[in-house]
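Residue-level structure breakdown
As a plain string of letters, each chain reads:
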Amino acid sequence: MSGLEETWRGVASNYFEQFADGRYDERAYLWFIYPKDEVHEVDEGTALVFGRAGGDGIEFAYRRDHPGIWAYYPIDAEWRPVAPDIGTFEQEWLSGRLKV
């Protein structure tokens, strides 16, 4: 078990158990969910970034004490909720219903 996996157990367990190989969107030519060797912490360890939108520096993350999946918009320095869990996030992304 990696250090990040141990630190984020409970919060991001579904990522480490089911999505750690990452997910590649062939239409967008983009790893929208990173393989586990690319996940990283931001905001002084309060968020675990696991993917990106491919434009404007938008990243997807788990946040401590904030349920669900969040998008960080660096231009506005703002967090916005995008899905209740990573499985729904993947479905919404692949269907094109997730708009960022």
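In this text, all values refer to a predicted model and were calculated from it rather than measured experimentally.

The rules behind each value
- Residues numbered from 1 in each chain as written.
- Predicted model: local features only at pLDDT ≥ 70, side-chain atom pairs only at ≥ 80, totals over all residues.
- Heavy atoms only, no water.
- Salt bridge = Lys/Arg side-chain N within 4 Å of Asp/Glu carboxyl O.
- Buried < 20%, exposed > 50% of the residue type's maximum accessible area, 1.4 Å probe, protein only.
- Pairing = 2+ DSSP bridges.
- Helix = DSSP H or I, 4+ residues; strand = E, 2+ residues; numbered from the N terminus.
- Axes fitted to C-alpha atoms, helices over the stretch in contact; angles between N-to-C directions.
- Patch = residues over 30% accessible without salt bridge, like charges linked within 9 Å, V, L, I, M, F, W, Y side chains within 5 Å.
- Areas by Shrake-Rupley, 256 points an atom, 1.4 Å probe, with all protein chains shown as cover.
- Contact = heavy atoms within 4.5 Å.

1. Quick look at the pattern of salt bridges
Taken as a whole and judged by the stated rule, the model has six salt bridges. Residue Arg-27 is joined to Asp-25 by a salt bridge in which the shortest nitrogen-to-oxygen separation is 3.8 Å. Accessibility expressed as a relative area gives 60% for Arg-27, which makes it exposed. Salt-bridge contacts for Arg-97 lead to Glu-92; the nearest nitrogen and oxygen are separated by 3.2 Å. Here Arg-97 falls in the exposed class, since its relative accessible area comes to 53%. The exposure class assigned to Glu-92 is partly exposed, which follows from its relative accessible area of 22%.

2. What to know about the sheet that holds strand β3 (residues 40-42)
Strand order in the open sheet formed by five strands is β3-β4-β5-β6-β7, and the pairing between neighbours is antiparallel. Only two strands of the sheet have a single neighbouring strand rather than two, namely β3 and β7 (78-83). In this sheet, adjacent strand axes meet at a mean angle of 45° when their direction is disregarded. Here strand β5 (residues 59-63) pairs with strand β6 (residues 66-73) via five bridges, running antiparallel.

3. Some details on a nonpolar patch on the surface
On the surface, Tyr-24, Tyr-29 and Trp-31 cluster together into a nonpolar patch covering about 380 Å² of accessible area. Tyr-24 gets classed as partly exposed once you look at its relative accessible area, which sits at 38%.

4. Concerning the side chain of Glu-90
Note on placement: Glu-90 falls in helix α3 (residues 86-95). Leaving out residues up to four positions away in the same chain, Glu-90 has contacts with Phe-19, Arg-23, Phe-32 and Ile-33.

5. What about unusual backbone geometry?
A negative phi holds for most residues other than glycine; trans holds for most peptide bonds. Positive phi, normally seen in glycine, also occurs at Glu-44, with a value near 55°. Tracing the sequence through the fold places Glu-44 in the loop between β3 and β4 (47-52). With a phi close to 50°, Ala-77 is a non-glycine residue in the positive phi region. You can see Ala-77 is positioned in the loop between β6 and β7.

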